[in-house]
Amino acid sequence: MQLMSRSYSRESGKEFTKIAKEYDKGRAGEDVGLWAEETKRLASLDEGSKVLDLGCGTGLYTVGIMSHVGCTMLGMDPAAGMLGQAREKSRGVHWFAGMGEWLPIRTGLLDGMFSSQVWHHIQDRQGTADESGRVLKPGGCYVIRTISHDQLHKKVVFKYFPEIKANQLRVYPSNHEFRTYFRNAGFKETEFHEYSLERYQSAEELVEVAEKRLWSMFRPITEEGLRKGVAELRRYVEETGGKPVRNDELITLVVCRR
């Protein structure tokens, strides 16, 4: 989910609101429980923890972490449509609108923070890192679910839609950039934990994701690039008799310790 910043456009907010009701379709293959448990372990969360999901979107991971940890969860996002969907998932979460570089949270309130696939949308990254450091307690931890540049080079989706790869490498922060942002924000250390999970998806599911832009990487694609990629996927279906596409989930958890 995109975090609003000073350069966040109204058009971007409208895009997320437009797909809010179908947003979770693009995340059907994600193991929310696994990432909730890893966040709990890496950030040492327990029932007494106060945790913010920064850029919570429809609340998929917010509710997942709350269910697995039993902690107090706050879910923040700038898109009204996304928050509307999130509120339908749980009334036990404190949902609110906000911006990454100006968090409406008291200094030192939080034990932990989490974000899933958010940081490649943030414009003022240093400001967001600074604010994260402000609202976390000393010893608090921010777990960021993202994709490293090395992992992006291995993504199968770019085999079918190659024109969007360069943009993803441009917008996703590198490991070096993450280290720099959080070091400047006063964090003690930044760790990187890479995961590769075998996953298969139907070609038709990938076509729907692309055509409906359910993954933000498809927003800048040209109609020609989209047409060619969809044609390649449908050719794959014909050649394999509908065999699912192996599309492994390649994820890095960036663990920033305050």
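None of the values given here were measured: they were computed from a predicted structure. (Residues numbered from 1 in each chain as written. Predicted model: local features only at pLDDT ≥ 70, side-chain atom pairs only at ≥ 80, totals over all residues. Heavy atoms only, no water.)

Digging into the overall build of the protein
Argument step 1. When helices and strands are counted, the protein shows eleven helices and nine strands.
Argument step 2. For the protein, the residues scored as buried account for 57% of the 258 residues in total.
Argument step 3. Long-range contacts, defined here as pairs at least 24 residues apart, represent 77% of the contacts in the protein between residues at least 6 apart.
Argument step 4. Carbon together with sulfur atoms contributes 49% to the accessible area of the protein, which is approximately 11600 Å² in total. (Helix = DSSP H or I, 4+ residues; strand = E, 2+ residues; numbered from the N terminus. Buried < 20%, exposed > 50% of the residue type's maximum accessible area, 1.4 Å probe, protein only. Contact = heavy atoms within 4.5 Å. Areas by Shrake-Rupley, 256 points an atom, 1.4 Å probe, with all protein chains shown as cover.)

Things to note about the sheet that holds strand β3 (residues 94-96)
Within a beta sheet, neighbouring strands are joined by backbone hydrogen bonds and run either parallel or antiparallel to one another.
Argument step 1. Spatial strand order, β3-β2-β1-β4-β5-β9-β6: seven strands in an open sheet with mixed pairing. For this open sheet the edge positions go to β3 and β6 (189-197), each flanked by a neighbour on one side alone. Pairwise comparison of adjacent strand axes, ignoring direction, gives a mean angle of 15 degrees for this sheet.
Argument step 2. Both strand β4 (residues 110-116) and strand β5 (residues 136-146) contribute to a ladder of six bridges, which runs parallel. Each bridged residue has a counterpart across the sheet, and for Ser-115 the counterpart in β5 is Ile-144. (Pairing = 2+ DSSP bridges. Axes fitted to C-alpha atoms, helices over the stretch in contact; angles between N-to-C directions.)

Here's the deal with the environment of Thr-39
Argument step 1. Its location among the elements puts Thr-39 in helix α2 (residues 32-43).
Argument step 2. Overall, the relative accessible area of 1% leaves Thr-39 in the buried class.
Argument step 3. Residues Thr-39 and Leu-253 lie 214 residues apart in sequence; the distance between their C-alpha atoms is 8.6 Å.
Argument step 4. If we skip the residues at most four places from it in the chain, Thr-39 touches Ser-44, Leu-45, Ile-65, Phe-114 and Val-143.

Overview of the pairing of strand β1 (residues 50-54)
Argument step 1. Among the five residues in β1, four count as buried, and that is most of the element.
Argument step 2. Note that β1 and strand β2 (residues 72-76) share five bridges and pair parallel. Across the sheet, Leu-54 pairs through a bridge with Met-76, a residue of β2.
Argument step 3. Where β1 lies against β4, three bridges are found, and the strand directions are parallel. Each residue of the ladder has a partner; that of Val-51, found in β4, is Gly-112.

Here's the deal with the side chain of Asp-53
Argument step 1. For Asp-53, the position within the fold is in strand β1.
Argument step 2. With no salt bridge to any partner, buried Asp-53 finds its closest opposite charge in Arg-145, at an N-O distance of 10.0 Å.
Argument step 3. Separated by 2.7 Å, the side chains of Asp-53 and Thr-62 make a polar contact.
Argument step 4. Once residues lying within four places of it in the same chain are set aside, the contact partners of Asp-53 are Tyr-61, Thr-62, Met-73, Leu-74, Gly-75, Met-76, Phe-114 and Ser-115. (Lys, Arg positive; Asp, Glu negative; His and termini not counted. Salt bridge = Lys/Arg side-chain N within 4 Å of Asp/Glu carboxyl O. Polar contact = N/O pair within 3.5 Å; in protein donor to acceptor, adjacent residues only side chain to side chain.)

With respect to the nonpolar core
Side chains of a nonpolar character, in soluble globular proteins, are inclined to be buried together.
Argument step 1. Ranked by internal contacts, the top residues of the largest apolar core, which has 50 residues, are Phe-161, Phe-218 and Leu-233.
Argument step 2. Leaving out residues up to four positions away in the same chain, Phe-161 has contacts with Ala-210, Phe-218, Ile-221, Gly-225, Leu-226, Gly-229, Val-230 and Leu-233.
Argument step 3. Core analysis: the second largest hydrophobic core is formed by 25 residues, Leu-54, Phe-96, Ile-105 and Met-113 among them. (Core = buried A, V, L, I, M, F, W, Y, C linked by side-chain atoms within 4.5 Å.)

As for the packing of helix α5 (residues 125-135) against helix α9 (residues 175-184)
Two measures define how a pair of helices packs: the angle their axes make with one another and the distance between the axes.
Argument step 1. Contact geometry for α5 and α9: axes closest at 8 Å, N-to-C directions at 50 degrees. Taken as axis vectors, α5 and α9 run oblique relative to one another. In the packing of α5 onto α9, the handedness of the crossing is right-handed. Contacts between α5 and α9 pair Arg-125, Gln-126, Ala-129 and Asp-130 from the former with Thr-180, Tyr-181, Phe-182 and Asn-184 from the latter.
Argument step 2. Of the residues belonging to the contact of α5 with α9, the class tally is three nonpolar, three polar and two charged. (Parallel < 35°, antiparallel > 145°, perpendicular 65-115°, else oblique. Left-handed = near helix turned anticlockwise from the far one by under 90°. Nonpolar A, V, L, I, M, F, W, Y, C, P; charged D, E, K, R; others polar.)

Overview of the environment of Arg-183
Argument step 1. You can see Arg-183 is positioned in helix α9.
Argument step 2. For Arg-183, a relative accessible area of 51% gives the class exposed.
Argument step 3. In this structure, the C-alpha to C-alpha distance between Arg-183 and Gln-126, residues 57 residues apart in sequence, is 10.0 Å.

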